[in-house]
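So the chains spell out like this:
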Amino acid sequence: MTIKLLSVASEIYPLIKTGGLADVTGALPGALAGHGVAARTLVPGYPSVIAHLGKAKLVRRYDDLFGVPATILAAQVAGLDLLVLDAPDFFAREGGPYGDLGGHDWGDNWRRFAALSRAGADIAEGALKGWRPDIVHVHDWQAAMTVAYMRFGPAAAIPKLVTIHNLAFQGRFGAGIFAGLGLPAQAWGVDGVEYYGGIGYLKAGLVSADAITTVSPTYAQEIRSPVHGMGLDGLINGRVDRLHGILNGVDTNIWNPAADALIPKAYHARTLGARAANRRALERRFGLESDDAPIFIIVSRLTWQKGMDLMVDALDHLVGMGGRLAVLGSGDHALEGALLAAADRHRGRIGVQIGYDEPLSHLLQAGGDAILIPSRFEPCGLTQLYALRYGCVPVVARVGGLADTVIDANEAAVGAGAATGVMFAPGDPLALHGAINRVMDLHRDKPVWQAMQRAGMRADFSWTHSAARYAALYRSLIAEAA
Ligand SMILES: Nc1ncnc2c1ncn2[C@@H]1O[C@H](COP(=O)(O)OP(=O)(O)O[C@H]2O[C@H](CO)[C@@H](O)[C@H](O)[C@H]2O)[C@@H](O)[C@H]1O
């Protein structure tokens, strides 16, 4: 039997993306198709989503959804079976999905994402003619209320799953919004939406779901501790029999160095020499001097989570050791400024591009020698997986999904030809310096360096295994509910 899955998310590649969530929600439906799961994904009708819709079918109309008119449109885009919540008052805005151009969160986010979730629950309750899901899978706080609405409504028996992509974002609001959520009185309380005196959307999802997944086995363990649990570790420990860590995969159609139209020269593990052309293009693009020193790269949100403050402090050391660096990122304005100042200080050795540029991120992976990921916490991390595929050696903090996907170049691993990267203790400036030193040494030893590149390129982080795990989990939840 083919499983009918409703996925609900606030981002989906290639239509709307601010981070790794979009990569996952965009790739998983295709991967699941091979495992007997037919997924439809409900997303908000942001301008970039509506612009891509082409021929869409109106499948549901609301006169008043949290105070605004709305419709649900169905369309096939880029191989995805989409349901789009078109509510222009909520989503047709200049700026990002969560905030204005100045980076301030929209004041009505509670209403915007309650509306998305309400629409998801309505679909589970049979709002679309001729289609009802067998299971509902929602992603992060923006969609988490879907399962709370389901639990307190007529679709309570349909299995529901919440995936945590990042516990740092929880969707917390004041208690005053409760009356506006349209939930029954019994939904208020520690077993419902109440969270430290206010309301927590992710929390409400985690207590209401039949299963909770997160995006790596190590992060699934880490979030049980106060250090990484961000206030939810108690709840998560209470539901540990329902918690699963399933590693993210890579969309190998989009991230394939042997057939990537976004890089100057395609290559594979046996033609690593061809990377030189990409490296030269990278040097030109970032104004780097041309020499044999490794080019470190960073492709990241510039935030505390990603350890970018530690990185800024290590830049003089990196250059002092002879390294070069190309940075693509945006985020915290102070970090952006500090990176630009470092580029000024070290002209020709550090190049920085502030902004978000998908095609350029491919050039960095294809031309860079080593990607730096000094995250304080990292639920899975995708850029190290892209780097592995592209022969760009990951240099990562030993935390979360980074610890699950990179094999540190210790003596044993190098001897066995198994090493794929360099690992260091998270949050430790000296450990980061040490990792940079190790990269400089390893890079001088060409046979060892190339063996690391090839081992990384051989590793299989496609969606195949993980999609099978999601499909198996869906089947077990459906069987349990029957
Ligand atoms: N300036 C820029 N220009 C172009 N592209 C850029 C960019 N900055 C970042 N990106 C891209 O955005 C994505 C970021 O993915 P990550 O997995 O690193 O992180 P994120 O923290 O957003 O996601 C959260 O969800 C994902 C998915 O589950 C988890 O892997 C992760 O650990 C968790 O924090 C990658 O595709 C990367 O290439």
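Predicted, not measured: the structure shown is a model, and the values here were computed from it.

Thoughts on helix α7 (residues 201–208)
1) Next: By the criterion of burial, α7 is predominantly enclosed, with eight of the eight residues buried.
2) Next: Every buried residue of α7 is accounted for by Tyr201, Leu202, Lys203, Ala204, Gly205, Leu206, Val207 and Ser208.

Quick look at the packing of aromatic side chains
1) Next: Tallied over the entire structure, the rule returns 14 aromatic pairs.
2) Next: Measuring from centroid to centroid gives 5.5 Å for Phe178 and Trp188, while their planes differ by 70°, and the two rings are edge-to-face. Taken together, the residues Phe178 in helix α6 (residues 178–181) and Trp188 in the loop between α6 and β9 (194–195) connect sequence positions 10 residues apart.
3) Next: Judged by its relative accessible area of 15%, Phe178 falls in the buried class.
4) Next: For the pair Trp255 and Tyr390, a centre-to-centre distance of 5.8 Å together with 75° between the ring planes defines the contact as edge-to-face.

Comments concerning the pattern of salt bridges
1) Next: Here the structure, examined in full by the defined rule, presents 21 salt bridges.
2) Next: Across the salt bridge formed by Arg242 and Glu480, the nearest N and O atoms sit 3.1 Å from each other. With Arg242 in the loop between α10 (233–238) and β12 (243–245) and Glu480 in helix α20 (residues 464–481), this pair connects stretches of sequence that are 238 residues apart.
3) Next: One salt bridge connects Asp309 with Arg376, and the closest N-O pair in it is separated by 2.9 Å. Of this pair, Asp309 sits in helix α12 (residues 308–320) while Arg376 sits in the loop between β16 (370–373) and α15 (383–390), placing them 67 residues apart in sequence.
4) Next: By relative accessible area, Asp309 is classed as partly exposed at 24%.

Here's the deal with the environment of Gly197
1) Next: Note on placement: Gly197 falls in the loop between β9 and β10 (198–200).
2) Next: Judged by its relative accessible area of 47%, Gly197 falls in the partly exposed class.
3) Next: Along the primary structure Gly197 and Phe173 are separated by 24 residues, whereas in three dimensions their C-alpha atoms are 9.6 Å apart.
4) Next: The contact partners of Gly197, leaving out residues within four places of it in the chain, are Ala175 and Trp188.

Re helix α5 (residues 140–151)
1) Next: The terminal C-alpha atoms of α5, which comprises 12 residues, lie 17 Å apart, in line with the 16 Å expected from a rise of 1.5 Å per residue.
2) Next: Within α5, 11 of the 12 residues are buried, leaving the element largely enclosed by the surrounding structure.
3) Next: Where α5 is concerned, the buried positions are Asp140, Trp141, Gln142, Ala143, Ala144, Met145, Thr146, Val147, Ala148, Tyr149 and Met150.

Examining the sheet that holds strand β8 (residues 172–173)
1) Next: The three strands lie next to each other as β8-β10-β9, forming an open sheet whose pairing is antiparallel. Each edge of the open sheet carries a strand with a single partner, namely β8 and β9.
2) Next: Alignment of β9 against β10, held across two bridges, turns out to be antiparallel. Directly across from Tyr195, in β10, lies its bridge partner Gly198.
3) Next: The sheet contacts of α7 involve β8, β9 and β10, and relative to β10 the element is tilted by about 60°.

Thoughts on the side chain of Thr214
1) Next: Note on placement: Thr214 falls in strand β11 (residues 211–214).
2) Next: If sequence neighbours within four positions are ignored, Thr214 has contacts with Ile164, Tyr219, Ala220, Ile223, His244, Gly245 and Ile246.

A few points about unusual backbone geometry
1) Next: Here Tyr13 and Pro14 are connected by a cis peptide whose omega angle stands at 5°.
2) Next: Despite not being glycine, Ala78 shows a phi value in the positive range, around 50°.
3) Next: Note on placement: Ala78 falls in the loop between β4 (68–77) and β5 (80–86).
4) Next: Of note in this structure, Tyr196 is not a glycine but carries a positive phi near 45°.
5) Next: Secondary-structure assignment places Tyr196 in the loop between β9 and β10.

Considerations on the confidence of the model for the protein chain
1) Next: Summarising the model, the protein chain shows a mean pLDDT of 97, and 100% of its residues fall at 70 or more.
2) Next: With a pTM of 0.96, the predicted complex shows an ipTM of 0.99.

A closer look at the UniProt feature "domain: Starch synthase catalytic" (unreviewed entry) in the protein chain
1) Next: Per the UniProt annotation, the sites labelled "domain: Starch synthase catalytic" (unreviewed entry) are residues 4–237.
2) Next: For residues 4–237, the end-to-end C-alpha separation is 30 Å, with 33% helix and 26% strand making up the annotated structure.

Procedures and definitions
- Residues numbered from 1 in each chain as written.
- Predicted model: local features only at pLDDT ≥ 70, side-chain atom pairs only at ≥ 80, totals over all residues.
- Heavy atoms only, no water.
- Buried < 20%, exposed > 50% of the residue type's maximum accessible area, 1.4 Å probe, protein only.
- Helix = DSSP H or I, 4+ residues; strand = E, 2+ residues; numbered from the N terminus.
- Phe/Tyr/Trp six-rings, centres within 6.5 Å; stacked < 30°, edge-to-face > 60°.
- Salt bridge = Lys/Arg side-chain N within 4 Å of Asp/Glu carboxyl O.
- Contact = heavy atoms within 4.5 Å.
- Expected span 1.5 Å × (residues − 1).
- Pairing = 2+ DSSP bridges.
- Axes fitted to C-alpha atoms, helices over the stretch in contact; angles between N-to-C directions.
- pLDDT = per-residue confidence, 0-100.
- UniProt positions renumbered as here; feature names shortened; annotations may be inferred.

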